[in-house]
Every structure is written in structure tokens, then in C-alpha cells.
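Take a look at the letters that make up each chain.
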Amino acid sequence: MEGQITREDALSREGYRHACHIMLYGDCSAKLFGKIPIKHIVLMQMRFDGLLGFPGGLVNPSKETLEAGLSRELLEEVGVAIPVGVENHVSSCLATSCPRLITHFYIKKRTEAELREIERAAVATATDHGLEVLGMVRVPLYFLKNGGGLPFFLSHSFISNSRAQLLSALQRCGLLSQGELEKAVRQAEQMRR
Ligand code: GTP
Ligand code: MN
Ligand code: MN
Ligand code: MN
Ligand code: MN
Ligand code: MN
């Protein structure tokens, strides 16, 4: 990913703000219309500004670890204090959209039942629901006719580099093949014209 640095480098820099976000995902046995396999649940959120992004937020590393800060943000935004560890960290990037901001990205796998519980809590108990977070959304990973599914999803607007984070995470976790990812990006590109 563009502007990528190591976690250690990121934490050694002075005068930077830090944001931590996470992709919570898991397997799913359901079928859309009883025939199209959903295969995986990948959670993102509709933010207050109308952009799609991952749950998480600003963390102050002089007051808390990156992972503890992310867990605190998750409690606010999805209503569950999901434990996050260094082993869940996948990348740190100098944000191109925002000067002096480093964005840290994490991935954590959950069971289908846990993901459903997270979706329920995001509405029922998360203090940010209806304020900074307008709702959790699942990313459609399948392809329908005329760009339906993932291509249409990718044609929406995303905060900062969250779209690139999504694409690299789908590849890293093996949720889609390289060919499927390229097809989705190509079709999304055609829609944006
Ligand atoms: P407040 O509680 O209002 O401070 O918001 P927050 O702490 O939840 O911060 P937010 O989630 O908006 O993230 C802080 C900054 O990180 C944003 O202004 C964006 O520039 C960036 N950002 C937000 N979401 C994402 C994301 O999913 N991925 C990446 N890479 N950056 C993000
Ligand atoms: Mn229906
Ligand atoms: Mn915050
Ligand atoms: Mn927040
Ligand atoms: Mn946030
Ligand atoms: Mn807040």
C-alpha cells in the first residue's frame, strides 16, 4: 500500500497523530436468494460524513497502546470491546489525504455468530450509533449482473485509504482470488466514469 511504514517507525515519529481501524470478518454459510453463496462477512461502516470506512478511530500512543485505543474505539462505535493484539496489526501508512496522520490497520477473524452479535450491539448499545456512525454494513463479495455486488460497492466513496485497505485485506485473507479482485476494480472503474 502507498506510503507504508513499519509499526516501530510509526511509533518513533514525533508530531504525528495516529488512527487505528480494523476489518472484522468471518465465514458465512448463507446464500443470497437461496443460491448465491455469501461466503464471507466483512464489516465496514457508513460514517457520519457519508463515506464508507472501517470501525476505529484516533488513538493517542502516549496515553494508551494502539491496540487498547482501537479496542476503546470499537466499544464506542460497535458496542463491543473486542480485544485486539499486535498479532492483528497488518499495516501502518502515512495518510495521503491528511498531513501528519498515520493510519494503522488491523484484521480480526470472528465466527458468524460473533459477527451477528457485533451487528446487534452496534445498533443496541454503541454510544456512537446515529452520531459518528450511521450503521454497520456488510461488503458484498459476489458478482451479479451489470456490476452488482462488489463492483458497485467499490464505486462508492471511501474515507482516506480505506478502499485500498479493504482490497489488500481481501487479498491477504484469501477471501477473493487475484482475478476476482482485478475484475471488481475494473468494473468499478467503468462505473465511476
Ligand atoms: P472522533 O471520535 O470524532 O475523534 O473520531 P474517531 O476517533 O472515530 O476518528 P475516525 O474514525 O474518523 O478516524 C480518524 C481519521 O482517520 C479520519 O479523519 C480519517 O482521515 C482516517 N480514517 C477514518 N476511517 C478510516 C479507515 O477506515 N481507514 C483509514 N485508512 N483511515 C481512516
Ligand atoms: Mn427480497
Ligand atoms: Mn475518537
Ligand atoms: Mn470514534
Ligand atoms: Mn471512527
Ligand atoms: Mn468520538
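These notes cover the structure that comes with them.

Reading the values: the criteria
- Each chain has its residues counted from 1, running along the sequence as written.
- A letter from A marks each chain and a number from 1 marks each ligand, given out in the order of writing.
- Side-chain atom pairs in this predicted model are given and counted only at pLDDT of 80 or more, local residue features only at pLDDT of at least 70, and totals for whole chains, interfaces and linings cover all residues.
- As a rule here, side-chain values cover all heavy atoms of the structure and leave hydrogens and water aside.
- Site definitions follow a grid-based scheme: protein atoms alone, a 1 Å grid, a 1.4 Å probe that fits but cannot get out for cavities, and for pockets an open set with protein on both sides within 12 Å along at least five of seven lines, plus lining residues having an atom within 4 Å of a point.
- Grid points are joined across faces, edges and corners, and a volume is the space filled by probe spheres set on the points.
- Helix numbers and strand numbers start at the N terminus; a helix is a DSSP run of H or I with at least 4 residues, a strand a run of E with at least 2.
- The nonpolar class holds Ala, Val, Leu, Ile, Met, Phe, Trp, Tyr, Cys and Pro. Asp, Glu, Lys and Arg form the charged class, and all remaining residues, Gly among them, are polar.
- By convention in these notes, a residue is near a molecule or strand provided one of its non-hydrogen atoms lies within 4 Å of it.
- Pairs of N or O atoms within 3.5 Å make up the polar contacts considered here, provided that, within protein, one atom can donate a hydrogen while the other can accept it, and that residues adjacent in sequence are counted only when both atoms are side-chain atoms.
- Under the convention used here, a 1.4 Å probe and the Shrake-Rupley method define accessible areas, while residue burial counts only the protein chains that appear.
- Remark: exposure states derive from per-residue accessible area (1.4 Å probe, protein chains only) relative to the maximum for the residue type, with buried under 20%, exposed over 50%, and partly exposed in between.
- Note on contacts: a residue pair is in contact if any heavy atoms of the two residues lie within 4.5 Å.

## Side note on the layout of surface pockets
What the largest pocket holds in volume is close to 430 Å³. Taken together, 25 residues make up the lining of the largest pocket; nearest its centre are Ala19, His21, Arg47, Gly57 and Ile159. Listed by contribution, the elements that provide at least two residues to the lining of the largest pocket are β2 (17-32), β3 (36-47), β5 (56-59), α2 (66-78), β7 (101-109) and α5 (162-172). Classifying every residue of the lining of the largest pocket gives 8 nonpolar, 11 polar and 6 charged.

## What about the site of ligand 1?
Residues in close proximity to ligand 1 total 18 residues, the closest being Phe54, Leu58, Glu77, Asn161 and Gln165. The side chain of histidine 21 places a nitrogen or oxygen atom 2.9 Å from an oxygen atom of ligand 1. Glutamine 165 has a polar side-chain atom sitting 2.8 Å from a nitrogen atom of ligand 1. Protein coverage of the free-state accessible area of ligand 1, which is 640 Å², stands at 80%.

## Remarks on the side chain of histidine 89
Of note, histidine 89 is situated in strand β6 (residues 89-94). Taking the relative accessible area as the measure of exposure, histidine 89 reaches 17% and is therefore buried. Of note is the side chain of histidine 89, whose polar atom sits 3.2 Å from the backbone oxygen of serine 91. Once residues within four sequence positions are removed from consideration, histidine 89 is found in contact with Arg7, His104, Phe105 and Tyr106.

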